[in-house]
Amino acid sequence: MNNTSILIVGVGGQGTLLASRILGDVALNSGLDVKVSEVHGMSQRGGSVVTYVKVGEKVYSPIIEKNEADIILCFEKLEALRWIDYAKKDAKIIINDQRIDPMPVITGKVKYPENIIEKIKANYKNVIVVPALEIAKKCGNIKAVNVVMIGVMARHSVFEKDIWVKAIEKTVKPQFLEVNLKAFEEGYNQAGI
Amino acid sequence: MKKLMLGNEAIARGVYEAGATVATAYPGTPSTEITENIAKYDEIYSEWAPNEKVALEVAIGASIGGARAATAMKHVGLNVAADPLFTASYTGVNGGLVIFVADDPGMHSSQNEQDTRIIARGAKVPVIEPSDSQECKDFTKEAFRISEEFDTPVIVRLSTRVSHSQGIVELEDRENYVLKPYVKNPAKYVMMPAMARRRHISVEERMAKLREFAEKSLLNRIEWGNKKIGVITSGVAYQYAREAFGDVSYLKLGIVYPLPENLIKEFASQVETLYIIEELEPFIENQCRKMGLKVTGKDKLPVIGEYSAGLIKEKLLGETPEKLNDIQDEAPARPPVLCAGCPHRATFYVLKKLKLTVSGDIGCYTLGALAPLESVDTTICMGASVGVAHGLEKARGKEQSKKTVAVIGESTFIHSGITGLIDMVYNNCSGTVIILDNSITAMTGHQHNPTTGYNIKGEPVKKVDLAKLCQAIGVERVKVCDPFDLKKFEQIVKEEVAADELSVIIAQRSCALLKHVRFGPVLTINQDKCIKCRMCMRLGCPAIVDRGDHVEINSTQCAGCDLCPRVCRFNAIEKAGGRDE
Ligand SMILES: Cc1ncc(C[n+]2csc(CCOP(=O)(O)OP(=O)(O)O)c2C)c(N)n1
Ligand code: SF4
Ligand code: SF4
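Residue numbers here run from 1 along each chain, matching the order of that chain's written sequence. Here the convention is simple: chains get letters from A, ligands get numbers from 1, in the order in which they are written. Confidence filtering applies because this is a predicted model: local features only for residues at pLDDT of at least 70, side-chain atom pairs given and counted only at 80 or more, and all residues used for totals across whole chains, interfaces and linings. Water and hydrogen atoms play no part in the side-chain values, which are based on all heavy atoms of the structure.

This brings us to the overall build of chain A. Counting from the N terminus, the helices are the DSSP runs of H or I reaching at least four residues and the strands are the DSSP runs of E reaching at least two. When its secondary structure is counted, chain A shows eight helices and six strands. Sequence-ordered secondary structure for chain A, helices as α and strands as β, is β-α-β-β-β-α-β-α-α-β-α-α-α-α. For the radius of gyration, the atom set is restricted to C-alpha positions; the globular benchmark scales as 2.2 Å times the number of residues to the power 0.38. Its C-alpha atoms give chain A a radius of gyration of 16 Å, near enough to 16 Å, the size a compact globule of 193 residues would have. Structurally, chain A occupies a C-alpha span of about 50 × 40 × 35 Å along its principal axes. Going through the 193 residues of chain A one by one, you find that 60% of them count as buried. Contact criterion: two residues are considered in contact whenever any of their non-hydrogen atoms come within 4.5 Å of each other. Across chain A, every contact between residues at least 6 apart in sequence was considered, and the portion connecting residues at least 24 apart equals 63%. Total accessible area computed for chain A in this model is approximately 7,500 Å², and 49% of it derives from carbon and sulfur atoms. Looking at chain A, you have 26 positive and 22 negative side-chain charges, and the mean spots of the two groups are 4 Å apart. Whether a residue is buried, partly exposed or exposed follows from its accessible area with a 1.4 Å probe, protein chains only, as a fraction of its type maximum: under 20%, in between, or over 50%, in that order. Exposure was quantified through the Shrake-Rupley algorithm and a 1.4 Å probe, taking into account, for residues, occlusion by the shown protein chains and nothing else. Charge counting follows a simple rule: Lys and Arg are positive, Asp and Glu are negative, and His as well as the terminal groups are ignored. Note on charges: their place is set at NZ of Lys, CZ of Arg, CG of Asp or CD of Glu.

With that settled, the discussion passes to empty space enclosed by the protein. Vacant regions in the atomic arrangement are exposed by a probe of water-molecule size rolled over the atoms. All names here are of chain B. Computed over the protein atoms alone on a 1 Å grid, cavities are sets of points where a 1.4 Å probe fits but cannot get out and pockets are open sets with protein on both sides within 12 Å along at least five of seven lines; a residue lines them when it has an atom within 4 Å of a point. Grid points are joined across faces, edges and corners, and a volume is the space filled by probe spheres set on the points. A complete count under the given rule lists nine cavities of 30 Å³ or more for this structure. What lines the largest cavity is a set of 16 residues, among which Cys541, Cys558, Cys561, Leu563 and Cys564 lie closest to the centre. Amino acid classes used here: Ala, Val, Leu, Ile, Met, Phe, Trp, Tyr, Cys and Pro are nonpolar; Asp, Glu, Lys and Arg are charged; the rest, including Gly, are polar. For the lining of the largest cavity, the residue count by class is twelve nonpolar, two polar and two charged. Its boundaries defined by the atoms lining it, the second largest cavity holds a volume of some 110 Å³. Tallied by class, the residues present in the lining of the second largest cavity amount to twelve nonpolar, no polar and three charged.

Residues and elements named next belong to chain B. Checked against the element boundaries, Leu251 lands in strand 11 (residues 248-253). For the pair Leu251 and Lys137, spaced 114 residues apart in the sequence, the C-alpha separation amounts to 21 Å. Setting aside residues up to four positions removed in sequence, Leu251 forms contacts with Arg221, Ile222, Val231, Ile232, Thr233, Leu263, Ile264 and Phe267.

Let's shift gears to the confidence of the model for chain B. For chain B, mean pLDDT is 97; residues scoring 70 or higher make up 99% of the total. Across the whole predicted complex the pTM is 0.97, and at the interface the ipTM reaches 0.96. pLDDT gives the predictor's per-residue confidence on a scale running from 0 to 100.

Take the side chain of B:Thr451 next. Turning to its location among the elements, B:Thr451 is positioned in the loop between strand 17 (432-437) and helix 19 (466-472). Not counting the four nearest positions on each side in its chain, B:Thr451 is found in contact with B:Glu410, B:Ile414, B:Lys463, B:Val464 and B:Leu466.

Another aspect to go through is the site of ligand 1. Residue and element names in this part refer to chain B. Around ligand 1, a shell composed of 26 residues is seen, among which Glu52, His344, Cys364, Thr412 and Ala442 lie nearest. A distance of 2.5 Å separates an oxygen atom of ligand 1 from a polar atom in the side chain of Thr412. In isolation ligand 1 offers 590 Å² of accessible surface; the protein chains occlude 97% of this area. Secondary-structure elements contributing two or more residues to the shell around ligand 1 are helix 4 (75-80) and helix 18 (410-426). Examining the composition of the shell around ligand 1, we find that four residues originate from one element, helix 18, more than from any other. Bear in mind that the domain bounds are from an automatic or database domain assignment. When we break the shell around ligand 1 down by domain, the ones giving at least three residues each are domain 1 (2-175 + 186-216) and domain 3 (343-508). Throughout, near means a residue has at least one heavy atom within 4 Å of the molecule or strand. Within 3.5 Å is the distance limit for a polar contact, defined as a pair of N or O atoms, with the added protein rule that one can donate a hydrogen and the other accept it, and that residues adjacent in sequence qualify only through two side-chain atoms.

If you walk across this open sheet you meet the eight strands as 6(A)-5(A)-4(A)-1(A)-3(A)-2(A)-8(B)-1(B), and the pairing is mixed. Of all the strands in the sheet, the pair left with one neighbour each is strand 6 (127-130) of chain A together with strand 1 (2-6) of chain B. Mean inter-strand twist for the sheet, computed between neighbouring axes without regard to direction, equals 20°. As defined by bridge partners, strand 1 (residues 4-11) of chain A adjoins strand 4 (residues 69-74) of chain A across four bridges and the pair is classed as parallel. Pairing of A:Ile6 across the sheet is with A:Ile71, part of strand 4 of chain A. Axes here mean lines fitted to C-alpha atoms, for a helix over just the part in contact, with angles spanning 0 to 180 degrees between N-to-C directions. Running over the sheet, helix 6 (residues 145-155) of chain A touches strand 1, strand 4, strand 5 (87-96) and strand 6 of chain A and is turned about 140° from strand 5 of chain A. Strands are treated as partners if at least two bridges between them are detected by DSSP.

What follows covers the site of ligand 3. All names here are of chain B. Among the 13 residues in the neighbourhood of ligand 3, the closest are listed as Cys541, Cys558, Ala559, Cys561 and Cys564. Whether a molecule sits in a cavity or pocket is decided by its atoms, more than half of which must lie within 2 Å of the grid points. Because more than half of its atoms lie within 2 Å of the grid, ligand 3 is assigned to the largest cavity. Each residue belonging to the shell around ligand 3 can be placed in one class, and the counts come to ten nonpolar, two polar and one charged.

All names here are of chain B. Read across the open sheet, the six strands follow the order 15-14-16-17-19-18; overall the sheet is parallel. Only two strands of the sheet have a single partner each, and these edge strands are strand 15 (376-378) and strand 18 (477-481). For this sheet, the mean angle separating the axes of adjacent strands, direction not counted, is 30°. Bridging between strand 18 and strand 19 (residues 503-508) involves five bridges; their strand directions are parallel. Bridge pairing in strand 19 links Arg477 to Ser503.

In terms of burial, strand 2 (residues 33-37) of chain A is a largely internal element, five of the five residues being buried. Every second residue of strand 2 of chain A is oriented toward a common face, with A:Asp33, A:Lys35 and A:Ser37 on one face and A:Val34 and A:Val36 on the other, all of them buried. Alignment of strand 2 of chain A against strand 3 (residues 48-56) of chain A, held across five bridges, turns out to be antiparallel. Bridge pairing in strand 3 of chain A places A:Lys35 opposite A:Lys54. The sheet contact formed by strand 2 of chain A and strand 8 (residues 165-170) of chain B spans three bridges and is antiparallel. Paired with A:Lys35 across the bridge in strand 8 of chain B is B:Gly167.

Further remarks concern the domain arrangement of chain B. By the assigned domains, chain B splits into domain 1 (2-175 + 186-216), domain 2 (221-317), domain 3 (343-508) and domain 4 (523-575). Look at where the C-alpha atoms of domain 1 of chain B and domain 4 of chain B centre, and you get two points 49 Å apart.

The next subject is the environment of B:Cys511. Residue and element names in this part refer to chain B. Relative to the helices and strands, Cys511 is located in the loop between strand 19 and strand 20 (522-525). In sequence terms Cys511 and Cys364 are 147 residues apart; their C-alpha atoms lie 9.8 Å from each other. Beyond its immediate chain neighbours, meaning those up to four positions away, Cys511 contacts Pro343, Asn438, Ile440, Ala442, His446 and Val517.

So, on to the interface of chain B and chain A. The interface is formed by 63 residues belonging to chain B together with 64 residues belonging to chain A. One speaks of a salt bridge when a side-chain nitrogen belonging to Lys or Arg is within 4 Å of a carboxyl oxygen belonging to Asp or Glu. Between chain B and chain A we count five salt bridges in total. Ionic pairing is found between B:Glu330 and A:Lys119, a salt bridge with its closest N-O pair at 2.8 Å. Where the side of chain B that touches chain A is concerned, the elements lending two or more residues are strand 1, strand 8, helix 11 (235-245), helix 14 (309-317) and strand 21 (544-546) of chain B. Take the side of chain B that touches chain A: its biggest share by element is six residues, from helix 11 of chain B. When its residues are assigned to classes, the side of chain B that touches chain A shows 29 nonpolar, 18 polar and 16 charged.

This is the structure in structure tokens:
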């Protein structure tokens, strides 16, 4: 069996680490080999962050290369564009339709690229766009964007729903569990689009 | 039981399973989680030390005292700890002593890309290198054993991708390690010339024995496959090589210093083409070349940056990935920024406004070097801000200090800024040092330090009082101010910079991410009052965005810190009410 490669990309502070922890726990349950490579340190201060998750018979390199990702979970549009080269032609690309301006855009040095989603759709056929921020707001905490995204992804995965729920229960702090389970459910039910 | 663990978490587990009882460290990406995870085991005494030198000295003391002891640091931390390291190599150990050092190829979070193996070789200390989480745990236990068998400190060299990748680890029980007796032994532990001369002989004998040991250690293993290609590699580079070459032959080195020369020769003799794949310096490669082997390595592969399977394929096999889209290269960069609500933002806003030369240091506040704050002039290493400011005055005269400040975080000040300040006092400097006291070691992920009042376990402890400390060493002008009190802070900075005497300003305000920090409601710009002067944009807050025809505050990014209203002269920035949480 070939490895399944999942890239999670976003902006430092968006909770990509928690998403990768949940995903890692689900993958561990599959009985397969798993590697999850994370970014800690400076880029967590609002920089571009990426997490690589690889699952398969035997995983060597923890890093995903260009044209290798089966799934890309994008927490922000510009980051989707930045990492799009890592997608396979038929990769599932799940994009949170949220815009966070990087400092060079804020200071007016460069422009935030236009029509990112259209451009990606023109090149890849398996693109799913999710209003994860609105959904998270509706659930009561904008920080639950990450779990909404996990919900969307769960719907498209081979793993049973309750494995995901268990992983969330294990990973999320008790005081945020209720909001996050709601966010997961909402994300899971979005996936039809 | 199997668990998914970060390399650093697996190291902690290895330290636990080895029966170690003392662990001490100063944080540094990518090594920090080692000690954070050790602190979760109540069987092990753990601490944050003020710097890596102290940490290693504490670990040496614990080892001499008969315990298995561990210390962890990032690559540049080993420079700070190099002094005790080079002599601990001579004294050797009593209980096992293992030093975990994490390199950062690619400089994800570092100021340089040095290779730990070079320092280790200088100190004549063996180096072990794991390539995944399981090996992190297993090799750690073996490192303690080697340390005791060969009477030497052992360095376990990690890298960002090993430290920060999770992999599956099989857990085992903790060894019941019995504290060894402490016996006074000046010939071994008092390193003055007469004793050290004899110990140096022991060091050379030990290296010879280690070379023999490396030949048969299970940490070095050959994986035979197709013999057309042979790859000698170690650490995470092994994983990249496996992925790039597939079924060829590998000599995977777990002990990278000293090298098993016979094993290498034997392997080389059986393969047609020999590649050496190692990140950073040609450490294994140079040794192989010295042995007369014909190898391919750094002639094709870089000494700069991280490797990957893709890079190996490209440089050695000539394979480049196909281009699947035409939208590449369009994404503007996203450099890290000070968080919304960060206390440092106010400080740099004032320093930039006053057009001061800023001798900078290492921490979140290094980000004050980036646009639009662009305030920091220099950043060298931890603590250097103070010495550099002093040097600027000594080169350019007292006038220079009337337009210069040093900025340094409180953790960094304790780490190694205090000695620089003593130099300023002692050698009559009239400079100004601003200690950015945000009550935490933030950059590395929020660790306590001697000024926060809590230890690694979060228990309340004695707190070093920064103002009293500065006064005690002879600084007469010490001011404490909240930098968000912009007017007062600016006034103080102006006065202290102008003063003929040395002064310290303690800019005190907690990091915005600390749990106890509570901000008010989100802010919004009243477009009727805003005259688009863009003063607020100078703060470089990630929540304030320029939409071209107007400026607005992004309500999902705003922390509600209430700083921007203080720079708006038209009272256009108002509280928006409810928060989205
Ligand atoms: C010798 C050395 N050890 C550790 C580090 C890693 N490191 C970088 S900044 C920093 C701490 C910064 O804390 P502080 O000075 O309080 O500033 P803050 O990030 O809280 O603003 C550390 C530990 C380093 N760069 N060099
Ligand atoms: S973590 Fe704290 S100190 Fe660091 S940038 Fe954010 S608010 Fe500032
Ligand atoms: S927009 Fe203003 S109040 Fe909100 S975080 Fe930025 S500076 Fe603070």
